[in-house]
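Structure assessment
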Amino acid sequence: MTGIGKVFIVIGVVFILIGLLWGIVGKLPGDISFKKGNVSFHFPIMTSIVVSIILSIIFYFIGRFR
């Protein structure tokens, strides 16, 4: 398998893990939710920060031990 194929597999696994964790951590304090009438708006600020920190740690260790 070429190097790019391994990268795509790792990215796919990371996206699957994010999808599984998103349901667990999807509504943290600090996320903005707005509902008025038929319109609802949800902006997950804290969830995005948590996911960013987790991905940074994962990619740090991948780069460190590569």
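Residues numbered from 1 in each chain as written. Predicted model: local features only at pLDDT ≥ 70, side-chain atom pairs only at ≥ 80, totals over all residues. Heavy atoms only, no water.

**What to know about the overall build of the protein**
Under the convention used in this document: Here a helix means four or more residues in a row that DSSP labels H or I, a strand means two or more in a row labelled E, and each is numbered from the N terminus. Three labels apply to residues, based on accessible area from a 1.4 Å probe with only protein chains included: buried if under 20% of the type maximum, exposed if over 50%, partly exposed otherwise in between. Values of accessible area rely on a 1.4 Å probe in the Shrake-Rupley scheme; residue burial ignores everything except the protein chains shown.
Helices and strands together make up the secondary structure of the protein, namely 2 helices and 2 strands. If you line up the protein on its principal axes, its C-alpha atoms span 50 × 20 × 15 Å. Per-residue burial over the protein gives 9% buried out of 66 residues. Counting every atom, the protein has about 5,700 Å² of accessible surface; 74% of that belongs to carbon and sulfur.

**A look at the pairing of strand β2 (residues 39-43)**
Test applied: Pairs of strands are assigned from DSSP output, requiring at least two bridges between the strands.
Examined bridge by bridge, strand β1 (residues 32-36) and β2 share 5 bridges and lie antiparallel to one another. Considered in β2, the bridge of Ile32 is made with Phe43. Between β1 and β2, which pair antiparallel one after the other, the connecting turn spans 2 residues, and Gly37 there sits at a positive phi close to 65 degrees.

**Focus: the confidence of the model for the protein**
Rules: Every residue carries a pLDDT, the predictor's confidence in it, which falls somewhere between 0 and 100.
For the protein, the average pLDDT comes to 84, and 94% of its residues sit at 70 or higher. Within the protein, helix α1 (residues 3-25) has the poorest average pLDDT of any element, 83, and β1 the best, 89.

**Considering the UniProt feature "transmembrane region" (unreviewed entry) in the protein**
Heads up, the condition is: UniProt positions are given in the numbering used here, feature names are shortened, and annotations may be inferred rather than shown by experiment.
Residues annotated in UniProt with the feature "transmembrane region" (unreviewed entry) correspond here to residues 7-25 and 45-63. Annotated as 100% helix and 0% strand, the span residues 45-63 places its first and last C-alpha atoms 27 Å apart.

**Quick look at the packing of aromatic side chains**
Each aromatic ring pair is specified by the distance between its two centres and by the angle formed by the two planes. To keep it simple, the criterion reads: Two aromatic rings from Phe, Tyr or Trp, using only the six-membered ring of Trp, form a pair when their centres are within 6.5 Å; if the ring planes differ by under 30 degrees the pair is stacked, by over 60 it is edge-to-face, and anything between is tilted.
Per the counting criterion, the structure on display carries 3 aromatic pairs. Measuring from centroid to centroid gives 5.4 Å for Tyr60 and Phe61, while their planes differ by 70 degrees, and the two rings are edge-to-face. Pairing Phe61 with Phe65 gives two aromatic rings, centres 6.0 Å apart and planes at 5 degrees, and the pair type is stacked. The exposure class assigned to Phe65 is exposed, which follows from its relative accessible area of 66%.

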